[in-house]
Amino acid sequence: MSVTLDLQITSQLPADKVLKVIGDFDNLVPKLNPQFIKSVETVQGNGDVGTIKNVTFGDAVPYKSAKYKVDAVDPSNYSYDYSIIEGDSLIGILDSINHHVKIVPSSDGGSVYKQTVVYNCKGAEKPSEEFLKTEKEVFESNFKAIEAYAAAHPEVY
C-alpha cells in the first residue's frame with residue numbers, strides 16, 4: 001500500500017534556474033530554513049545516481065533524521081528523483097519514501113515546480129493527514145526559501 005502527496009508551486013524563475021538552485025539544496029536549506037533542516041551530508045557519491053546522503057532535521061519537524069539515495073538525475077528534462085531509505089522520518093510504518101521532482105517551463109518565462117511523494121507503507125497503517133500536512137508545509141517552505149534566495153542572487157543563479 002502507498003499514499004501519494006502531490007505538490008505544485010508556480011515560480012517566476014525559469015526552469016533551468018530552479019533546477020540549479022535545487023542542486024544547491026544541501027548547502028542552502030540549512031542556512032535558510034534551519035528549523036526544518038539542520039544539515040545534509042554526503043555519505044557516498046558525488047551527487048549523481050547512487051549518491052547517499054544523511055539529513056538531520058530541525059526542531060520544526062517531528063523527526064530527527066533520514067538517509068536518502070539519489071535515484072535519477074535528468075537535467076535536460078528538469079527532473080530529479082530520490083528515495084528516503086532509512087531514518088525516523090519513515091515513522092516506523094514506511095519502507096521508503098520516493099520523491100519525484102519535475103520542473104516544467106511555463107510560457108511566461110517562469111516554471112512550475114512539481115513534486116510527487118510516494119509513501120510506501122509496510123502494512124495497512126498509513127501516514128496521518130496531520131503528518132502529510134506537515135510534510136507539504138516543509139516542502140513548500142523550503143522551496144520558497146531557496147527560490148527567494150535565487151531571485152535575490154541572480155549573479156549566482
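Preceding this section is the structure that the text describes.
Structural notes, computed from the coordinates. Computed from a predicted model, the values in this text were never measured in an experiment.

## Observations concerning the side chain of S96
Thought 1: In this structure, S96 sits in strand β6 (residues 94–105).
Thought 2: Using a relative accessible area of 15% as the deciding quantity, one classes S96 as buried.
Thought 3: Each residue touching S96, except ones within four places of it in the same chain, is listed here: I84, L90, V118, Y119 and N120.

## Section: the nonpolar core
Thought 1: By size, the foremost hydrophobic cluster in this structure holds 43 residues, and its most contacted members are Y68, I103, Y113 and Y119.
Thought 2: Ranked by residues supplied to this core, first place goes to helix α3 (residues 129–152) with seven residues.
Thought 3: When residues no more than four places from it in sequence are discounted, the contact partners of I103 are A15, V18, L19, I22, N77, Y78, S111, V112 and Y113.

## Let's talk about the pairing of strand β7 (residues 111–121)
Thought 1: For β7, a buried count of eight out of eleven residues is recorded, marking the element as mostly surrounded by other parts of the structure.
Thought 2: Pairing of strand β1 (residues 2–11) with β7, which is carried by ten bridges, proceeds in the antiparallel orientation. Along β7, the bridge assignment pairs V3 with Y119.
Thought 3: Here β6 folds back onto β7, and the loop between the two strands holds five residues, one of which, G109, carries a positive phi near 95°.

Definitions and cut-offs
- Residues numbered from 1 in each chain as written.
- Predicted model: local features only at pLDDT ≥ 70, side-chain atom pairs only at ≥ 80, totals over all residues.
- Heavy atoms only, no water.
- Helix = DSSP H or I, 4+ residues; strand = E, 2+ residues; numbered from the N terminus.
- Buried < 20%, exposed > 50% of the residue type's maximum accessible area, 1.4 Å probe, protein only.
- Contact = heavy atoms within 4.5 Å.
- Core = buried A, V, L, I, M, F, W, Y, C linked by side-chain atoms within 4.5 Å.
- Pairing = 2+ DSSP bridges.

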